[in-house]
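Overview (structure and organization)
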Amino acid sequence: MLQLLTTIPALIGFVSACLASEAGVREVTVVQPGRDLAVTVWYPAGAGGTPTTLGDNRVFMGAPAALNAPPVPGRHPLVLLSHGSGSRVQAMGWLATELAKAGFVVAGPNHPGTTSGFSTPADTPKLWQRTGDLSAVIDAMTRDPAWNSVIDADRIGVVGFSLRGAAAMELAGARADLEAYASYCDGYKKWDCAWFAGGVGYVDEARVTVDRLDLRSIDRTRFEQSNLDHRIKTAVLADPGLAQAYDAQSLTEIAVPMHFINLGNAETIPLAVISDRLAKLTPRGSYATVAGATHFSFLPECKEGAADLLKSVGEIDPICSDEATRPRGELHAEMIALVKDRLVRDLMAPGQ
């Protein structure tokens, strides 16, 4: 009887999710000292709301959702969604809407200092700010009467991409090693290390010139502190940053499932994010790759002419002209299946 009672919340959430015909979406603000967060929340919705296409712009295709639609009754698992450096959480709408349809409430903040239009090398390594943002979202969602009756505070997971994959890892218990990170960038001149070499940043939507960042000048105590949030029950990490700079002992002590996903084939995955070793170190780790993908395949599908547009404004990253060997929409379908499978298994399975 006790086992049956513990499975009822998961079963109710699953049945309720089946009633959802679409993903609802709302924009909320999480207030914290000196760092208010714009948070997008997707959730399983019934009929109603205003049709919208979130994240649609001149470059990217948006994802359809129903603005302010009523939530499907029941308590649903909460999934934190954390975007990549220089992006916005709305760019992960292609994933969030599908998770909402599957029965999850998905909440993602735009992280000041590493969000599109406001991103600098000096702000990038401050992972304690990113983890603080995510924990603040949990606080807000579990205390707000508008949401605490919709979510199950005992079933919380996190999905992080790229730099925010590093934040998600730390929320689950990983700790970073500053000297290891600095030494890695001493010899590696691509990806994040190229960003720290300076030259370009973005402030108030404008491109600015910045100096080289000396990683060893970062506050070591904060960089290496534990940012563990015991409310996290599972983590999905897509091409997580700092792959070469974690304290190995901290990984062996992580108690929750850690699902690592690398985008690409073994020979094409960048050193900055390759995660097979990390998965082996974590006691409940899993590892998967998405063949034919690249790091930028996790971004939304690009519109026709977007690659030329980005080139014309000086964008050097191959956001829309990457070397993926499969259509981005096809890759997204595979990634959605991978992420959803792991979250359903850990947050909706009987006994969770």
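Aromatic rings in a pair are described by how distant their centres are and how their planes are angled relative to each other. Counted according to the given criterion, the structure contains 8 aromatic pairs. Aromatic side chains Tyr181 and Phe196 sit 6.0 Å apart centroid to centroid with 90° between the ring planes, which places their arrangement in the edge-to-face category. One end of the pair, Tyr181, is in helix 5 (residues 178–187); the other, Phe196, is in helix 6 (residues 191–196), with 15 residues separating them in the sequence. No difference in accessibility class separates Tyr181 from Phe196, as the two residues are buried.

Let's shift gears to helix 5. Among the residues of helix 5, Leu178, Tyr181, Ala182, Tyr184 and Cys185 are the ones counted as buried. Looking down the long axis of helix 5, one finds its buried residues gathered within 160° of arc, a one-sided arrangement. Looking at the packing, one finds that the buried side of helix 5 touches helix 6 and helix 7 (220–224). Taking the backbone nitrogen of Glu179 as reference, a side-chain oxygen 3.1 Å away marks Asp177 as the first, capping residue of helix 5.

Glancing now at the nonpolar core. Leu80, Val105, Met141, Met169, Leu242 and Met258 are the most contacted members of the largest nonpolar core, which has 62 residues in total. Those residues in contact with Met141 that lie beyond four places of it in its chain are Val41, Leu78, Val105, Ala107, Trp147, Asn148 and Ile151. Residues Val89, Val106, Val159 and Met348 belong to the second largest nonpolar core, which totals 35 residues.

As a further point, take the pattern of salt bridges. Across all of its chains, the model carries 17 salt bridges by this definition. Close ionic contact of Arg216 with Glu179 constitutes a salt bridge, the shortest N to O distance being 2.9 Å. Here Arg216, found in the loop between strand 11 (206–208) and helix 7, pairs with Glu179, found in helix 5; they are 37 residues apart in sequence, far enough to count as distant. Among the ionic pairs, Asp229 bridges to Arg231, the shortest N-O distance being 2.8 Å. For Asp229, a relative accessible area of 7% gives the class buried. What makes Arg231 partly exposed here is its relative accessible area of 27%. Here the salt bridges do not stand alone but share partners, grouping Asp139, Asp229 and Arg231 into one network.

Bringing helix 11 (residues 328–347) into the picture now. With 20 residues, helix 11 should cover 28 Å at 1.5 Å per step; its first-to-last C-alpha distance of 28 Å lies within 8% of that length. Within the span of helix 11, buried status applies to Arg328, Leu331, His332, Met335, Ile336, Leu338, Val339, Arg342, Leu343, Asp346 and Leu347. For helix 11, the angular spread of buried residues about the axis comes to 170°, placing them on one side. As for helix 11, its buried residues are in contact with strand 5 (76–82), helix 2 (93–101), strand 9 (151–161), strand 12 (232–238), strand 13 (258–263) and strand 14 (285–290).

Turning next to the side chain of Asn227. Assignment of secondary structure puts Asn227 in the loop between helix 7 and strand 12. In this structure the side chain of Asn227 is engaged in a polar contact, spanning 2.8 Å, whose partner is the side chain of Gln225. Among all residues touching Asn227, those that are not within four sequence positions of it are Trp128, Thr131, Glu170 and Leu171.

The topology assignment puts Tyr287 in strand 14. On a C-alpha basis, the gap between Tyr287 and Leu343 in space is 14 Å, while along the polypeptide they are 56 residues apart. Apart from residues lying up to four places away in sequence, Tyr287 is in contact with Phe260, Asn262, Ile269, Ile274, Ser275, Asp276 and Ala279. Within polar-contact distance, the side chain of Tyr287 engages the side chain of Asn262 at 2.7 Å.

In this section: the side chain of Asp123. Position of Asp123 relative to the elements: it lies in the loop between strand 8 (118–119) and helix 3 (127–143). Not counting residues within four places of it along the chain, the set of residues in contact with Asp123 comprises Gly113, Thr114, Phe118 and Arg130.

This part covers the sheet that holds strand 9. Here 10 strands make up an open sheet; going across it, the order is 3-4-1-2-6-5-9-12-13-14 and the pairing mixed. Of all strands in the sheet, those with a lone pairing partner are strand 3 (50–54) and strand 14, marking the two edges. Averaged over all adjacent pairs, the angle separating strand axes in this sheet is 25°, with direction ignored. In this fold helix 2 packs onto strand 1 (22–30), strand 2 (37–45), strand 4 (63–67), strand 5, strand 6 (105–109) and strand 9, with an angle of close to 40° to the strand it touches most, strand 2.

How each quantity is defined
- Residues numbered from 1 in each chain as written.
- Predicted model: local features only at pLDDT ≥ 70, side-chain atom pairs only at ≥ 80, totals over all residues.
- Heavy atoms only, no water.
- Phe/Tyr/Trp six-rings, centres within 6.5 Å; stacked < 30°, edge-to-face > 60°.
- Helix = DSSP H or I, 4+ residues; strand = E, 2+ residues; numbered from the N terminus.
- Buried < 20%, exposed > 50% of the residue type's maximum accessible area, 1.4 Å probe, protein only.
- Arc of directions from axis to C-beta.
- Contact = heavy atoms within 4.5 Å.
- Polar contact = N/O pair within 3.5 Å; in protein donor to acceptor, adjacent residues only side chain to side chain.
- Core = buried A, V, L, I, M, F, W, Y, C linked by side-chain atoms within 4.5 Å.
- Salt bridge = Lys/Arg side-chain N within 4 Å of Asp/Glu carboxyl O.
- Expected span 1.5 Å × (residues − 1).
- Pairing = 2+ DSSP bridges.
- Axes fitted to C-alpha atoms, helices over the stretch in contact; angles between N-to-C directions.

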